[in-house]
Each structure stands twice: as C-alpha cells, then as structure tokens.
Amino acid sequence: LHDALPISRIVAVEKLSDEGRQLYRRAIIGRLASKPKEAAEIYREFNLRHQEVFEPKLTLRLASLYLRQGDTGMAASVLSSICDDERATPQEREKALYQYGVTIAKLGQLDEAYMTMQRFSDTFPESPLLPKLREVVYDAAQPEPG
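From a predicted model like this one, the values you see are computed outputs, not experimental measurements.

## With respect to the nonpolar core
Now for step 1: With 38 residues, the main nonpolar core has I28, Y43, F54, L62, Y66, F120 and L133 as its most contacted residues.
Now for step 2: Going through the elements one at a time, α2 (18–32), α3 (36–50), α4 (56–69), α5 (72–83), α6 (90–106), α7 (110–123) and α8 (130–141) are the ones with two or more residues in this core.

Right under this line is the structure:
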C-alpha cells in the first residue's frame with residue numbers, strides 16, 4: 001500500500017473531494033498505531049484546511065491522542081466537534097462530552113465547563129461519569145491554596 005498523504009494533499013488542494021477525504025483518512029488511520037504523532041499532525045492539517053471532522057469513532061481516537069500528547073487545546077476542539085455530531089452514538093457523545101468538560105475545566109475555561117457539565121447532566125443524568133465530571137469542574141473552580 002503506497003502512502004496516501006502526498007496524493008491526498010494534491011487531490012485536496014482546492015476543494016476537498018470524497019476521494020481527498022478518503023485519502024486523508026487512510027493516511028491518518030495508517031499511522032495511528034505506529035506513528036501517532038504523525039497521525040495527529042496530519043489530522044491537524046486536514047482539520048485546519050477543511051474545517052471538517054471524520055466519523056466520531058475515529059475522531060475520539062484522535063482526541064485521545066492529543067490528550068496523551070498534552071495538546072489540550074486541539075483535544076478540546078476535536079471533542080467539541082463530536083459533542084454536536086449527529087452521527088455520534090449516545091455512548092460516543094457521552095464520552096466526548098465528559099472528556100470535553102474535563103479538558104476545558106483543566107484549561108480554566110470555567111464558564112464553558114459549567115455549561116458542559118449542565119448539558120451532560122441534562123443529557124446523561126444516570127451516567128456514572130457525572131459525579132466525576134462535577135468533581136473535576138468544581139475542583140477547577142477552587143482558588144489555588146497559598
């Protein structure tokens with residue numbers, strides 16, 4: 001299998017076609033396991049250039065990758081897109097909303113974190129993740145001691 005990345009860049013220069021989208025997707029998936037940092041960079045390039053996200057399952061994997069790399073800003077952006085993606089299953093949306101709330105709380109975006117916590121509570125009132133999300137958001141709102 002040849003590398004799809006150079007071809008995807010050429011195909012997608014002007015307007016993203018289905019072919020270009022599939023080539024980017026293949027380039028990212030092909031690197032997720034063996035070259036995760038490269039996969040993350042390719043997705044960043046794709047997302048910035050085309051303002052588009054892949055299906056929620058793949059996008060969640062990429063968000064986890066950004067979190068592991070410490071790129072919380074990109075992780076928050078990617079997670080946010082899943083929270084509003086109609087293609088997401090309830091389980092994917094629950095996971096994304098939770099991770100998004102935790103991530104933005106840690107980034108200090110407390111108003112957004114509170115709104116996300118409320119949305120999570122309204123959407124998934126029985127979720128076992130809800131108490132943990134509340135704890136993270138409330139902890140983030142506490143002033144640093146000293």
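## Notes on α2
Now for step 1: For α2, which comprises 15 residues, the first-to-last C-alpha distance of 21 Å matches the rise-based estimate of 21 Å (1.5 Å per residue) to within 8%.
Now for step 2: Those residues of α2 lying buried are G20, R21, L23, Y24, A27, I28, R31 and L32.

## Description of the environment of P56
Now for step 1: Within the secondary structure, P56 sits in helix α4.
Now for step 2: Note: C-alpha distance between P56 and T89 (33 residues apart in sequence) is 8.2 Å.
Now for step 3: Excluding residues that lie within four positions of it along the chain, P56 makes contacts with I82, D85, R87, A88 and E92.

## Topic: the pattern of salt bridges
Now for step 1: Under the defined criterion, the tally for this structure stands at seven salt bridges.
Now for step 2: In this structure, D71 and R44 form a salt bridge, with 2.4 Å as the shortest nitrogen-oxygen distance. Here the residue D71 occupies a position in the loop between α4 and α5, and R44 occupies one in helix α3, the gap between them amounting to 27 residues.
Now for step 3: Residue D71 is classed as partly exposed on the basis of its relative accessible area of 22%.

## Quick notes on the packing of α3 against α4
Now for step 1: For the pair α3 and α4, interaxial distance at closest approach is 10 Å and the crossing angle is 115°. Between α3 and α4 the crossing geometry is left-handed. Facing P36, K37, A39, A40, Y43 and R44 of α3, the residues of α4 in contact are T59, L62, L65, Y66 and Q69.
Now for step 2: In terms of residue class, the contact of α3 with α4 is made up of seven nonpolar, two polar and two charged.

## Some details on the packing of aromatic side chains
Now for step 1: In the structure shown here, the tally under the stated rule is seven aromatic pairs.
Now for step 2: Measuring from ring centre to ring centre gives 6.1 Å for Y43 and F46, while their planes differ by 40°; the resulting arrangement is tilted. Linking Y43 with F46, this pair stays in helix α3, spanning three residues, or about one helical turn. Note on accessibility: Y43 and F46 belong to one class, buried.
Now for step 3: Here a set of aromatic residues connected by ring pairs shows up, and it is made of Y24, Y43, F46 and F54.

Rules of the game
Residues numbered from 1 in each chain as written. Predicted model: local features only at pLDDT ≥ 70, side-chain atom pairs only at ≥ 80, totals over all residues. Heavy atoms only, no water. Core = buried A, V, L, I, M, F, W, Y, C linked by side-chain atoms within 4.5 Å. Buried < 20%, exposed > 50% of the residue type's maximum accessible area, 1.4 Å probe, protein only. Helix = DSSP H or I, 4+ residues; strand = E, 2+ residues; numbered from the N terminus. Expected span 1.5 Å × (residues − 1). Contact = heavy atoms within 4.5 Å. Salt bridge = Lys/Arg side-chain N within 4 Å of Asp/Glu carboxyl O. Axes fitted to C-alpha atoms, helices over the stretch in contact; angles between N-to-C directions. Left-handed = near helix turned anticlockwise from the far one by under 90°. Nonpolar A, V, L, I, M, F, W, Y, C, P; charged D, E, K, R; others polar. Phe/Tyr/Trp six-rings, centres within 6.5 Å; stacked < 30°, edge-to-face > 60°.

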